[in-house]
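# Chains, contacts and geometry: an overview
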Amino acid sequence: MERATGHDRTQATKPTLYVVATPIGNLKDVTLRALDIFRHADVIAAEDTRVTSRLLNHYGIDAKKLLSLHEHNEQRSAPRIIAELEAGRSVALASDAGTPAFSDPGARLVHAVREAGYPVVPIPGANAAAAALSASGLFGPHFLFYGFLPSKPSDRRKALEALTAFPYMLVFYEAPHRVIEAVVDLASALGGSRRIVIARELTKLFESIHECGLGAAAEWLSGNADRVKGEFVLIVEGAPPDDDAEAAQAKRTLEVLLEELPVKQAAALAAKITGARKNELYALALELKRES
Ligand code: SAM
């Protein structure tokens, strides 16, 4: 059932910026709504006009006006796009693949357009991180989308140091010529025992999704030249819960409370403070009392 959203295609004739997701490989992964917007937009601002033209041609769409908007001219182009909106025209923004402003240009333009008082409407669709996560088989309610790690090895290692204790899944984008060094650094920063999912060429002919221990990832990638070709999403399990550190903290809290309180009360309070189990703390408190 179609829901009235106020953003149907008739709006493509109003001065609005549409942020349109396009396929990440397979041209069929474009939404009906995206095609509708491209068909009716007065202007299409594309990261690479040749790439977007291929998609438009495939669907027999003649762009009324095609502009180029990429990371190097995004700031400069914003006034031009706003001038189009001021003239009453609608603009569709597309990056080369997937969702604009998602490790892609677009955010600055969106900011400028909204500041100028024009509506910005997302047209959701393909995204490499979401596709990889959905088929990764790694689970957990939370993840951090990191995007591209720094390309300079020393910066990359520093960036990874900040992520070592992070308890949620980590999602990276990586280029083929850096994927091996990236997994080597990931293993040395995060430890070899975490699981990694290497998602390559999603939605394309040579799509592959491989899961292994982080410590075995570089060897697996090096095992066959085809495995390092194409585009990659890497998903790594989060840091395991630090049980030892939590137990040490609970014990220390209990020791301090036992100096002032009876065993039962100290255990109950320590459980409240640290989140550890009351029964376990009670048993530990008895043991500590006996030892002292
Ligand atoms: N805006 C895009 C999105 O929504 O996913 C991301 C653009 S970013 C410049 C390009 C990176 O996304 C690639 O280097 C790769 O890491 C990842 N990527 C894009 N398409 C992919 C695909 N088909 N399979 C795996 N990764 C892909």
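Residues numbered from 1 in each chain as written. Predicted model: local features only at pLDDT ≥ 70, side-chain atom pairs only at ≥ 80, totals over all residues. Heavy atoms only, no water.

### What about the sheet that holds strand β1 (residues 17-20)?
Taken in spatial order, the five strands make up an open sheet running β3-β2-β4-β1-β5, and their pairing is parallel. The sheet terminates laterally at β3 (66-68) and β5 (120-123), the two strands that pair on one side only. Between one strand axis and the next, the sheet turns through 25° on average, direction left out of account. Bridge analysis of β1 against β5 gives four bridges, and the strand direction is parallel. Within β5, the position partnered with Val 20 by the bridge is Ile 123. On top of the sheet, helix α2 (residues 49-58) reaches β2 (43-46), β3 and β4 (91-94); it is set at about 150° to β3, its chief contact. (Pairing = 2+ DSSP bridges. Helix = DSSP H or I, 4+ residues; strand = E, 2+ residues; numbered from the N terminus. Axes fitted to C-alpha atoms, helices over the stretch in contact; angles between N-to-C directions. Contact = heavy atoms within 4.5 Å.)

### With respect to the packing of aromatic side chains
Following the criterion strictly, the structure yields six aromatic pairs and no others. Centroid distance Phe 102 to Phe 145: 4.5 Å. Interplanar angle 50°. Geometry classified as tilted. On the criterion of sequence distance, the pair formed by Phe 102 in the loop between β4 and α4 (107-115) and Phe 145 in strand β6 (residues 143-148) is long-range, its members being 43 residues apart. Judged by relative accessible area, which is 29%, Phe 102 ranks as partly exposed. Here the aromatic rings of Phe 148 and Tyr 173 are separated by 5.8 Å at their centres, their planes lie at 65°, and the arrangement is edge-to-face. Here Tyr 173 lies in strand β7 (residues 169-174) and Phe 148 lies in strand β6, a separation of 25 residues in the sequence. Linked through ring pairs, Phe 102, Phe 145, Phe 148 and Tyr 173 together constitute an aromatic cluster. (Phe/Tyr/Trp six-rings, centres within 6.5 Å; stacked < 30°, edge-to-face > 60°. Buried < 20%, exposed > 50% of the residue type's maximum accessible area, 1.4 Å probe, protein only.)

### Some words on the nonpolar core
Of all hydrophobic cores here, the largest spans 21 residues; its most connected members are Phe 172, Val 183, Leu 186, Ile 196, Leu 234 and Val 236. The element contributing the most residues to this core is helix α7 (residues 179-190), with five residues. If we ignore the near neighbours within four places in the chain, the residues touching Phe 172 are Tyr 146, Gly 147, Leu 149, Leu 160, Leu 163, Leu 186, Phe 232, Val 233, Leu 234 and Val 236. (Core = buried A, V, L, I, M, F, W, Y, C linked by side-chain atoms within 4.5 Å.)

### Things to note about the site of the ligand
Close to the ligand lie 19 residues; Thr 99, Asp 104, Asn 127, Tyr 173 and Phe 232 are nearest. A distance of 3.2 Å separates an oxygen atom of the ligand from a polar backbone atom of Glu 174. Within the complex, the protein chains bury 91% of what would otherwise be the 580 Å² of accessible surface of the ligand. Within the residue set of the shell around the ligand, elements represented by two or more residues are β7 and β10 (232-236). Partitioned by chemical class, the residues of the shell around the ligand number ten nonpolar, four polar and five charged. When we break the shell around the ligand down by domain, the ones giving at least three residues each are domain 1 (17-126) and domain 2 (129-236). (Near = heavy atom within 4 Å. Polar contact = N/O pair within 3.5 Å; in protein donor to acceptor, adjacent residues only side chain to side chain. Areas by Shrake-Rupley, 256 points an atom, 1.4 Å probe, with all protein chains shown as cover. Nonpolar A, V, L, I, M, F, W, Y, C, P; charged D, E, K, R; others polar. Domains from an automatic or database assignment.)

### Looking at the domain arrangement of the protein
Accessible area lost upon the coming together of the parts serves often as the stated size of an interface. By domain assignment, the protein separates into domain 1 (17-126), domain 2 (129-236) and domain 3 (243-291). When each unit is reduced to the centre of its C-alpha atoms, the spacing between domain 1 and domain 3 is 59 Å.

### Topic: the sheet that holds β10
Strand order in the open sheet formed by five strands is β6-β7-β10-β8-β9, and the pairing between neighbours is mixed. The open sheet has two edge strands with one neighbour each: β6 and β9 (208-213). Taking the axes of each pair of neighbouring strands and ignoring which way they run, one obtains an average angle of 15° across the sheet. The pairing of strand β8 (residues 195-200) with β10 spans five bridges and is antiparallel. Paired with Val 197 across the bridge in β10 is Ile 235. In the packing of α7 onto the sheet, the strands contacted are β7, β8 and β10, and the crossing angle to β10 comes to about 10°.

### Comments concerning unusual backbone geometry
Its identity is not glycine, yet Ser 103 carries a phi of approximately 55°, on the positive side. Structurally, Ser 103 can be placed in the loop between β4 and α4. Under the relative-accessibility criterion, Ser 103 is labelled partly exposed at 35%. Residue Glu 201 is not a glycine yet carries a positive backbone phi of 55°. Here Glu 201 lies in the loop between β8 and β9.

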